[in-house]
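Take a look at the letters that make up each chain.
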Amino acid sequence: MDRILYVSDLDGTLLNENQEVSPYTARVINCMVEAGGLFSYATARSFVTASKATAGVTARLPAAVYNGAFVAEFPTGRLLRTNTFSSEEGREVLEALLSSGISPIVYSLLKGRERFSYVRGSVNPGAAEFLQTRQGDIRERPVKTPEELEEGEIFYFTCIDKEEKLRPLYETWKGRCRCIFDRDFYTRRYWLELMPRQATKAHAVLQIKEMLGCEKIIAFGDGKNDIPLFQLADEAYAVENADPALKALAKGILPSHQEDGVARWMEANWPGFR
């Protein structure tokens, strides 16, 4: 029997509209993991926020976080793989964002520690709203000058602004680095995320597959950032609320994230439940 790695996106897929795992989904996944099933995550979230959102779910495998910028060990958070910008690449992207009037939130590794930095007092309402949800986060690093944003190994830029400001940057940079331009599932604000070219869910999941010695990948998702993962996977399933572009790549359409679509598929199809 093939050794299968099951990988799910979190927001809009495994998590409900409260950004939580339902008791039913948690029960199904925990039973599967306890019985030896290989279940992991591939998420745009950090290790910290992914851990909070999946509290109550047994997690023992490496997971792809920050859309594949890192492969993190669960539950310890130890980084097993890192995919970061070179210092020159990071500086070039930052200068382009600043010259376009964008105040980015810059994620980097500083002395081996994950931090997110922004220029205090310069962020727009959308970014300020996001930062409000991260109050008390030990990774937060407000700085005084844009030059300080260059420090460390940059792996992720988050820009939250108006569509007309972000779309031209997406068109400019989408061929040079990994770019995701979309509306946030919960707030409906426009986001532009820029990462190194190798930082994709697909690349990170392939690394996990090799670490675990798996022969097959079955993936679940809802958003455009799941497209590379769906293209890599041996089987891929989209939830009902998924983006049409992702649904077009799916082998099947599952009930929505509000209806525990992933867990219901697992309960019906994972060999250990039969």
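Model, not experiment: these values are computed from the prediction.

(A) Structural detail: the overall build of the chain. Within the chain, the secondary structure is distributed over 10 helices and 14 strands. Relative to the globule expectation of 19 Å for 274 residues, the C-alpha radius of gyration of the chain, 18 Å, shows essentially globular dimensions. For the chain, the C-alpha atoms occupy an extent of roughly 60 × 35 × 35 Å along the three principal directions. For the chain, buried positions account for 55% of its 274 residues. Considering only contacts within the chain whose residues lie at least 6 apart along the sequence, 61% involve residues at least 24 apart. Accessible area for the chain stands at about 12300 Å²; split by element, carbon and sulfur atoms hold 47% of it.

(B) Fine view of the nonpolar core. Of all hydrophobic cores here, the largest spans 73 residues; its most connected members are Leu5, Tyr6, Phe39, Tyr41, Phe220 and Met266. Per-element tally for this core: the top contributor is helix 2 (residues 23-34), with six residues. If sequence neighbours within four positions are ignored, phenylalanine 220 has contacts with Tyr6, Val7, Ser8, Asp9, Thr13, Phe230, Tyr237, Leu254, Val262, Trp265 and Met266.

(C) Main features of the packing of aromatic side chains. Tallied over the entire structure, the rule returns 20 aromatic pairs. Chaining the aromatic ring pairs together yields one cluster made of Tyr66, Phe70, Tyr107, Phe116, Phe155 and Tyr156. A cation sits over an aromatic face here: arginine 264 above tyrosine 24, 4.9 Å from the ring centre.

(D) Broad picture of the environment of isoleucine 138. Turning to its location among the elements, isoleucine 138 is positioned in the loop between helix 5 (125-132) and strand 8 (140-143). Judged by relative accessible area, isoleucine 138 falls into the exposed class, the value being 66%. On a C-alpha basis, the gap between isoleucine 138 and isoleucine 105 in space is 15 Å, while along the polypeptide they are 33 residues apart. For isoleucine 138, the contacting residues outside a window of four places in its chain are Arg113 and Arg115.

(E) Examining the sheet that holds strand 12 (residues 216-221) more closely. Strand order in this open sheet of five strands is 2-1-12-13-14, and the pairing throughout is parallel. In this open sheet, the two strands that pair with only one neighbour each are strand 2 (38-41) and strand 14 (252-254). Strand after strand, the sheet turns through a mean of 25 degrees between neighbouring axes, direction not considered. Here strand 1 (residues 4-8) runs beside strand 12; their pairing, made up of five bridges, is parallel. Bridge assignment links serine 8 to a residue of strand 12, and that residue is phenylalanine 220. Here helix 7 (residues 201-212) sits on the sheet and contacts strand 1 and strand 12; the angle it forms with strand 1, its principal contact strand, is near 150 degrees.

(F) Region of the structure containing the side chain of histidine 257. Here histidine 257 shows up in the loop between strand 14 and helix 10 (261-269). If near-sequence neighbours (up to four positions away) are discounted, histidine 257 is found in contact with Gly12, Thr13, Leu15, Asn16, Glu17, Phe185, Val239 and Asn241.

(G) Looking closely at the pairing of strand 10 (residues 178-183). Bridging between strand 10 and strand 11 (residues 190-195) involves six bridges; their strand directions are antiparallel. Within strand 11, the position partnered with aspartate 182 by the bridge is tryptophan 191. Counted between consecutive antiparallel strands, the loop separating strand 10 from strand 11 contains six residues, among which arginine 188 sits at a positive phi close to 70 degrees.

(H) Unusual backbone geometry, seen in detail. Looking along the chain, the bond that leaves phenylalanine 74 and enters proline 75 is cis, with omega of 10 degrees. Locating proline 75 in the fold gives a position in the loop between strand 4 (70-73) and strand 5 (79-82). A positive phi is found at tyrosine 66, a non-glycine position, where the angle reads about 50 degrees. Its place among the elements puts tyrosine 66 in the loop between strand 3 (62-65) and strand 4.

Thresholds applied
Residues numbered from 1 in each chain as written. Predicted model: local features only at pLDDT ≥ 70, side-chain atom pairs only at ≥ 80, totals over all residues. Heavy atoms only, no water. Helix = DSSP H or I, 4+ residues; strand = E, 2+ residues; numbered from the N terminus. Rg over C-alpha atoms; globule rule 2.2 N^0.38 Å. Buried < 20%, exposed > 50% of the residue type's maximum accessible area, 1.4 Å probe, protein only. Contact = heavy atoms within 4.5 Å. Areas by Shrake-Rupley, 256 points an atom, 1.4 Å probe, with all protein chains shown as cover. Core = buried A, V, L, I, M, F, W, Y, C linked by side-chain atoms within 4.5 Å. Phe/Tyr/Trp six-rings, centres within 6.5 Å; stacked < 30°, edge-to-face > 60°. Lys NZ or Arg CZ within 6 Å of the ring centre and 35° of its normal. Pairing = 2+ DSSP bridges. Axes fitted to C-alpha atoms, helices over the stretch in contact; angles between N-to-C directions.

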